[in-house]
Amino acid sequence: MASGGRRLGWTSGAGPTFLEWDVGLRQLVIDAWSWLNYKPVMADAGRPGSRAFPELAKTWVPPHELRRLAAYKVLASYDNNQAGQLAAAGGDASALERRELGDAAKLVDTALGYLLGSEQKVAVEGAEHADEETPTPGAAEAAAVQDRLRKWADKELLTFRVQQAERAAVLLGDSVMVLAWNPEKQRPTLRVYDPGFFFPQWDDEDEDFPSRVHLAWELPADDDAGLKARVRRVTYELGPISEDGEPGDEGAAAGGRQYPWEPGRTSNVTCYLTDAEWLLEDLKNGETLDRLPMDKASFRVRPDGTELNRLDLMIDFVPVVHIANTIPDGGEHWGRSILARVLQALDELAATDSDSSAASATTGTPIIGLAGARLPVDRATGKPQELQVKAGAVWQLGETGRMDALDTSPQLAELRARVDHLLERIAANSRVTAAGLGTLDATEVPSGYALKLALGPLDALIGMMRLAREHKYRLLFKMVQRLYQAGRAEGWTAGETLPTRLAWAPHTPTDRAAVLEEVVTAYGAGVLSLETAVAMLLEAGYPIKDASQEVERIRAKAEQEAAVRMAEAAARRGRDEEDEDQEEDGGSGSAGVRKPVGKVREREPVEAGR
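Remember, predicted model here, so these are calculated numbers, not experimental data.

### With respect to the layout of surface pockets
One number sums up the size of the second largest pocket: a volume of about 910 Å³. Looking at the second largest pocket, it is lined by 32 residues, and the ones nearest its centre are Arg 501, Ala 503, Ala 535, Leu 538 and Glu 539. Elements with a contribution of two residues or more to the lining of the second largest pocket: strand S4 (120-124), helix H4 (139-155), strand S18 (500-504), helix H12 (530-539) and helix H13 (547-586). The element best represented in the lining of the second largest pocket is H12, accounting for five residues.

Here's what the structure looks like:
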């Protein structure tokens, strides 16, 4: 920090908390997006991106949200190989010549692939014990809920929605998923929104979840349809239940409502939905998103004719889930992009690629200096013609003529070495690692243990990212169950919702042979149950679709093999008894007759040693 700076103090409120210093003619702002301060478009803390992103200058956009929205746009430009255009919009005209080869997108997609693993499954706690000989209490109910949730996930394309949301979270740092009950489909629907449309309203900084959430975006003018530019705002807000109540809403008129997920408890809180539009020309300065004039609003209408103006959703929660890519700092709510720590390195890489391209041009077609050359003359103009460096060209030189070529190959080699250095730096500082990015030479890895150590930072990164999402997906599945209960769907009875999580597959390859040997040894020694053994094989990547069904098949096969062994033992006993009877019948008259070898043996107890 430059000397002579004067601290202006901590600034907080509806927006992010940041520390602001007055350093000469510039401001030093430290907040959740201060890693972008080196960008000219983010240098102005008051109106960031006003030149590059004119849409952020709209009057309805809350001022404290501008830095977050500008940060999303900067990150999106890197993902689309437009960082050079962004720099040019900030005043650097030479940035238009920058070569961008998709390194930022590769880093995002690689981190996303490790985060998601090979598959994701809905897992209800306790469902794995439903097929045991003595299932735990509630295991059958948990298995039934798990089956219904997995069917819902298939119908709502949960895997596809998760990938949509997670790519936005990995790239931008945040993502938003919204649930809604669909009466026609008789199930909750799941939609993913751009985090730039998400504007939560925090009444108290200590609250875990906002009590009011706006989803807002601008709709452009459509001259053909005769529509003017407007802004749409969808609002979910928790508030007291109206005294009027709703038809069929038992208990609402008495000042409360009993929700099916909390039987016996009366609540006076419900969630209201408002979906409206405003013409941009009707909005004045100071009428920001949370202060739009309701008298100028045009409310949307559902297909059944219901106006979406404070519509009671009959639930006591806001059905919006915000996913952060990282665990937010204290007092913050927003995540950090996977590109945040290495953005300047990506700029350096693009600049080096551009210099390398220019150097390769002079290496392939070098600059040549001629002395004493006889230049051909253009017959039409009488002036010497310009020489071109190409294959088969012949130049006539005099007795003292000389030709010198500029060799730029050493500079080109140095630039390529710098590219490799920057890639290694990006891999290390992003914690995706060179092994994770696939740039590590396999011959440089002496053993599998060394590779495991090389992937250590990646393991920690994925563990942190999954931890940041763990309770958000638990919240999502809790909302799904409660929406089913509120919609009185078939099979969903009143009662507490069951804890449910999203189970991730391993993010790195597993030594399946070693896991199999460990499972066989531990199960054979009796220190592991069959359910745990199958779960370990499932996590190792074995093609087991359903652990409970696999356990049932294993037990059925074991019972079948036991029955076969019992039948074989009974048959052997019958043969032995028959042989003994024949020997007794022979008596002394059979002297000199040798006893058949292998026919007389000790009886083996049934299932002995098995």
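More follows now that the structure is in view.
### Side note on the nonpolar core
By size, the foremost hydrophobic cluster in this structure holds 111 residues, and its most contacted members are Trp 60, Trp 152, Leu 158, Tyr 236, Leu 339 and Tyr 473. The dominant element in this core, judged by the number of residues it contributes, is helix H10 (residues 456-486), at 12 residues. Setting aside anything within four residues of it in sequence, one finds Tyr 236 in contact with Val 178, Ser 211, Arg 212, Val 213, Leu 215, Cys 271, Tyr 272, Leu 273, Leu 313, Val 318, Pro 319 and Val 320. Membership of the second largest hydrophobic core comes to nine residues, among which are Val 515, Val 519, Leu 530 and Val 534.

### Observations regarding the packing of aromatic side chains
By the definition in use, this model includes nine aromatic pairs. Geometrically, the ring pair formed by Tyr 259 and Trp 261 is stacked, given 5.1 Å between the ring centres and 15° between the ring planes. Among the residues examined, Tyr 259 registers a relative accessible area of 3% and is labelled buried. With a centroid separation of 4.6 Å and 0° between ring planes, the pair formed by Tyr 484 and Trp 492 is classed as stacked. Aromatic ring contacts, followed pair by pair, group Trp 181, Tyr 484 and Trp 492 into a single cluster. Over the face of the ring belonging to Trp 334 we find Arg 68, whose NZ or CZ atom lies 4.0 Å from the ring centre. Directly above the aromatic system of Tyr 272 lies the positively charged group of Arg 310, at a separation of 4.1 Å from the ring centroid.

### Re unusual backbone geometry
Positive phi, close to 55°, is recorded for Leu 157, a residue that is not glycine. Within the secondary structure layout, Leu 157 lies in the loop between H4 and helix H5 (158-172). One non-glycine residue, Thr 433, lies in positive phi territory at about 70°. Mapped onto the fold, Thr 433 is located in the loop between helix H7 (409-430) and helix H8 (434-437).

### Structural notes on empty space enclosed by the protein
Counted according to the given criterion, the structure contains two cavities of 30 Å³ or more. As a volume, the largest cavity reaches approximately 130 Å³. If you go around the largest cavity, you meet 14 residues; those closest to its centre are Tyr 78, Glu 100, Ala 104, Leu 346 and Ala 350. Where the lining of the largest cavity is concerned, the elements lending two or more residues are helix H3 (103-116) and helix H6 (343-364). Take the lining of the largest cavity: its biggest share by element is four residues, from H6. A class-by-class count of the residues in the lining of the largest cavity yields seven nonpolar, two polar and five charged.

### Regarding the sheet that holds strand S5 (residues 174-182)
What the three strands build is an open sheet, ordered S6-S5-S15; its pairing is antiparallel. Each edge of the sheet is formed by a strand with only one pairing partner; in this case those strands are strand S6 (187-193) and strand S15 (320-324). Going across the sheet, the axis of each strand differs from the next one's by a mean of 25°, ignoring polarity. In the sheet, S5 pairs with S6 via seven bridges, with the strands oriented antiparallel. Bridging from a neighbouring strand, Val 178 pairs with Arg 191 of S6.

### A closer look at the side chain of Gln 120
With respect to the helices and strands, the residue Gln 120 is situated in strand S4. Not counting residues up to four positions away in its chain, the partners in contact with Gln 120 are Thr 159, Leu 502, Ala 503 and Trp 504.

### A look at the packing of H5 against H10
It is the contact of H5 with H10, at a shortest axis distance of 13 Å, that shows an interaxial angle of 135°. Considered as vectors, H5 and H10 are oriented oblique to each other. Pair H5 / H10 crosses with right-handed handedness. Across from Leu 158, Val 162, Glu 166, Ala 169 and Val 170 in H5, the residues of H10 making contact are Met 465, Arg 469, Tyr 473 and Phe 477. Residue composition of the contact of H5 with H10, by class: seven nonpolar, no polar and two charged.

### Digging into the environment of Thr 497
Here Thr 497 lies in the loop between H10 and S18. For Thr 497, a relative accessible area of 15% translates into the label buried. Not counting the four nearest positions on each side in its chain, Thr 497 is found in contact with Trp 261, Lys 478, Gln 481, Arg 482 and Gln 485.

### Describing the confidence of the model for the protein
Predicted confidence across the protein gives a mean pLDDT of 82, with 85% of residues reaching 70 or more. When the elements of the protein are averaged for pLDDT, strand S1 (residues 6-11) gives the smallest value, 43, and S6 the largest, 97. Here residues 1-16 scores under 50 on pLDDT; set against residues more than four positions off or in separate chains, the count is 30 contacts.

### Some remarks on the environment of Asp 103
Here Asp 103 is to be found in helix H3. The sequence separation of Asp 103 and Ala 350 amounts to 247 residues, and the corresponding C-alpha distance is 8.8 Å.

### Some points on a nonpolar patch on the surface
On the surface, Leu 370, Leu 397 and Met 403 cluster together into a nonpolar patch covering about 240 Å² of accessible area. As for its position among the elements, Leu 370 is in strand S16 (residues 368-373). Judged by relative accessible area, Leu 370 falls into the partly exposed class, the value being 31%.

### Describing the packing of H4 against H10
Orientation of H4 relative to H10, taken along the N-to-C sense of each, is 95°, at an axis distance of 12 Å. For the element pair H4 / H10, the angle class is roughly perpendicular. Residues Val 145, Leu 149 and Trp 152 of H4 lie in contact with H10, whose contacting residues are Phe 477, Val 480, Gln 481 and Tyr 484. A per-class count over the contact of H4 with H10 returns six nonpolar, one polar and no charged.

Calculation criteria
Residues numbered from 1 in each chain as written. Predicted model: local features only at pLDDT ≥ 70, side-chain atom pairs only at ≥ 80, totals over all residues. Heavy atoms only, no water. 1 Å grid on protein atoms, 1.4 Å probe; cavity = no way out; pocket = protein on both sides within 12 Å on 5 of 7 lines; lining within 4 Å. Points joined across faces, edges and corners; volume = space filled by probe spheres on them. Helix = DSSP H or I, 4+ residues; strand = E, 2+ residues; numbered from the N terminus. Core = buried A, V, L, I, M, F, W, Y, C linked by side-chain atoms within 4.5 Å. Buried < 20%, exposed > 50% of the residue type's maximum accessible area, 1.4 Å probe, protein only. Contact = heavy atoms within 4.5 Å. Phe/Tyr/Trp six-rings, centres within 6.5 Å; stacked < 30°, edge-to-face > 60°. Lys NZ or Arg CZ within 6 Å of the ring centre and 35° of its normal. Nonpolar A, V, L, I, M, F, W, Y, C, P; charged D, E, K, R; others polar. Pairing = 2+ DSSP bridges. Axes fitted to C-alpha atoms, helices over the stretch in contact; angles between N-to-C directions. Parallel < 35°, antiparallel > 145°, perpendicular 65-115°, else oblique. Left-handed = near helix turned anticlockwise from the far one by under 90°. pLDDT = per-residue confidence, 0-100. Patch = residues over 30% accessible without salt bridge, like charges linked within 9 Å, V, L, I, M, F, W, Y side chains within 5 Å. Areas by Shrake-Rupley, 256 points an atom, 1.4 Å probe, with all protein chains shown as cover. Salt bridge = Lys/Arg side-chain N within 4 Å of Asp/Glu carboxyl O.

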